[in-house]
Amino acid sequence: MKKYFSLSKLAIGFFIFLSFWSITTLTADPDLWWHVKVGEWIIEHNAVPHYDIYSHTMQGFEWFDHEWLIEAALWLLYGKDLWWLAVLIFSLLSFLPFLFWLRRARSFAHVWIITLIAFAMTHTIGVRAQVFSFALFFIVFEIVRKRYGEEARGAVSRASFFALPFIFFAWANLHAGFFSGLVLFGIFIFIRHFVAWWKARQIAYRALVPDLLVFAASFAATFINPYGWKVYQLIFEALLSPETARYIVEWRPVFSTNRPHVILLVGLFAFIVARYRKKYPPALLAAGAAFFVLFIKSVKMGPLFFITAIPIFAHGEEYIKEEISRVRRDHPFSAKTKEMARAGAVLLFFVLFFFFGSYMRPYAFSLSRDAVFSLPRSSYFPEKAVAVLREEAARGDIGNIFNAYGWGGYLIFYAPEIKVFVDGRMPQWVDERGGSAMRDYVKVYYGGIAKEQKEVLQRRNIETVFIENSKRKEKGLWARRLARLLSDPEKKSLPATLVDEGWSVVYEDEGAIILRCPDGSCWK
């Protein structure tokens, strides 16, 4: 039985890694393109960007590029035809926590939870800087969990604990997610020493002082980056931006998702914590609860929540078994009932793998040598339309452009001569006059009110509009839901409104449409 269980874990681990590798190979996050292009600028200028040079709406806006080190590395790999190495690195980083979790799993129920989390992670992985935050958050969580009594201390755990400032130094130059690591670290320190004080009514300074010193050193290390304290300004602007919270899908609440396996994990976690909360180490419970709340508020926090939740799920399974055993001590289950329970568990596992496998099928059958060794390509990105735009730009016929938000990064990479209206860097950007490209984008793209659209297009002096074709069918329930939420079906689509106002269609295909004001007098 033990050998069978080990082989099962090995097979599941291989399946998860293969899935992550396939998704990382073929998935193109809209921000990937501008990340690689910015990496080129960093290498060419031997400096980091401080001001926007890619848009016409926020030209010269002070910009803190917290992912600069990853971007430089991506450009170097791309330029040397080593993109396969980038895919491998990000796949391994995504898989790292799962490797440890599967190795520690002691039951099929635990493996089932791990597989469910892997399924939930498929929407967040790829060649994305936040994958580094996922892996580093896991490392920090393991270090502080061992430090504060979850597992026995040892020389290795002490050494790793004092290495935390170096980890945070590296993290602060890779991704702004280091702030979540500091929050996690602070929760463990506070809860550990608060509980100790509550029990003894005195502070154990010999234990507290080293902890505070390491935390202070870790915090100070995050300021050793090209932007210093301004990285924190960026973090709080993103967290407090109403545009980010409202219009960016991954920043929206978890219950806005159409993924039932994610909701199942949320419900299971809430049940286990509510029923067995007194059995968990307080620091572990506090960390899990804190990131659970953050996950409820924002889908983006899901990977970090899963890391803090895994030991809670693992212990919760044991507590459930103990409770069932205690309740049924005098009335044990019959052999038939046990067989039915086993059959149900196997069926549940097959159901999960059926949906996981169905989701992965397009990735599995789309892999090719070109896909592994080059930047990912997707039907969502308008390759032909961008070629038309470049021809128009070469003739000087474009002027200021209004582009779809998801295509801003793609334009920056493949048509750098065209300054974009908006892209993935800009949702929280607000200039000193209160102007915001994202707010203007929403007014034009989703508003459907001709008066507001005219005002923005006139003020921004827009001569070309490059957006998704309104005839295109959105893929995915949430994409359709978001479109319904932000637009009025009774009002005309933007292309229809523009045509009525005298704009001409320069190019149109199934996915994209380009419109231009013929004589520069539209909206006047």
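In short, a report on the structure. Residue positions within a chain follow its written sequence, with the count starting from 1. Only residues with pLDDT of at least 70 are given local features in this predicted model, and only at 80 or more are side-chain atom pairs given and counted; all residues enter the totals for whole chains, interfaces and linings. Processing note: side-chain calculations cover all non-hydrogen atoms of the structure and skip hydrogens and water entirely.

**With respect to the packing of helix α6 (residues 130-147) against helix α9 (residues 178-200)**
And then number 1: Angles here are taken between N-to-C directions and fall from 0 to 180 degrees, while the axes themselves are lines fitted to C-alpha atoms, restricted in helices to the stretch in contact. Under the scheme used here, helices are H or I runs from DSSP no shorter than 4 residues and strands are E runs no shorter than 2 residues, and both carry numbers assigned from the N terminus. Two numbers describe how α6 lies on α9: the axes approach to 9 Å, and their chain directions differ by 15 degrees. Comparing their axes, α9 and α6 come out roughly parallel. In terms of crossing hand, the pair formed by α6 and α9 is right-handed. Together, Ser-133, Phe-137, Val-140, Phe-141, Val-144 and Arg-145 of α6 and Phe-178, Ser-180, Gly-181, Leu-184, Phe-185 and Phe-188 of α9 make up the contact between the two elements. Under this scheme an angle from 65 to 115 degrees is roughly perpendicular, one under 35 degrees roughly parallel, and one over 145 degrees roughly antiparallel; angles in between are oblique. Take the far helix as your reference; a near helix turned counterclockwise from it by less than a right angle gives a left-handed crossing, and one turned clockwise gives a right-handed crossing. Contacts are residue-level and defined by heavy atoms, with any inter-residue pair within 4.5 Å sufficient.

**Thoughts on the sheet that holds strand β4 (residues 512-516)**
And then number 1: The pairing criterion for strands is at least two bridges between them, as found by DSSP. Ordered by their spatial adjacency, 4 strands build an open sheet running β1-β2-β4-β3, and the pairing between neighbours is mixed. In this open sheet, the two strands that pair with only one neighbour each are β1 (400-403) and β3 (504-508). Neighbour-to-neighbour, the strand axes of this sheet turn through a mean angle of 20 degrees, independent of strand direction.
And then number 2: Taken strand by strand, helix α20 (residues 437-445) contacts β1 and β2 (462-468), and its axis lies near 70 degrees from that of β1.

**Some points on the pairing of β2**
Where a strand is regular, its side chains alternate between the two sheet faces.
And then number 1: The classification of residues rests on relative accessible area computed with a 1.4 Å probe and restricted to protein chains. Under 20% of the type maximum is buried, over 50% is exposed, and intermediate values are partly exposed. Most of β2 is tucked away, with 6 of its 7 residues classed as buried.
And then number 2: Pairing of β1 with β2 involves 4 bridges; the strand directions are parallel. Paired with Asn-403 across the bridge in β2 is Phe-466.
And then number 3: With 5 bridges connecting them, β2 and β4 associate as antiparallel partners. If you follow Val-465 over to β4, its bridge partner there is Leu-515.

**Observations concerning the nonpolar core**
And then number 1: What makes a nonpolar core is a set of buried Ala, Val, Leu, Ile, Met, Phe, Trp, Tyr and Cys residues whose side-chain atoms join them at distances within 4.5 Å. In terms of nonpolar packing, the biggest core is built from 152 residues, with Phe-98, Leu-164, Phe-402 and Phe-466 touching the most fellow members.
And then number 2: Considering each element in turn, this core owes the most residues, 11 residues, to α6.
And then number 3: In this structure, Phe-402 is in contact with Phe-421, Tyr-441, Val-444, Tyr-445, Leu-457, Ile-462, Thr-464, Val-465, Phe-466, Ile-467 and Leu-494, ignoring residues within four places of it in sequence.

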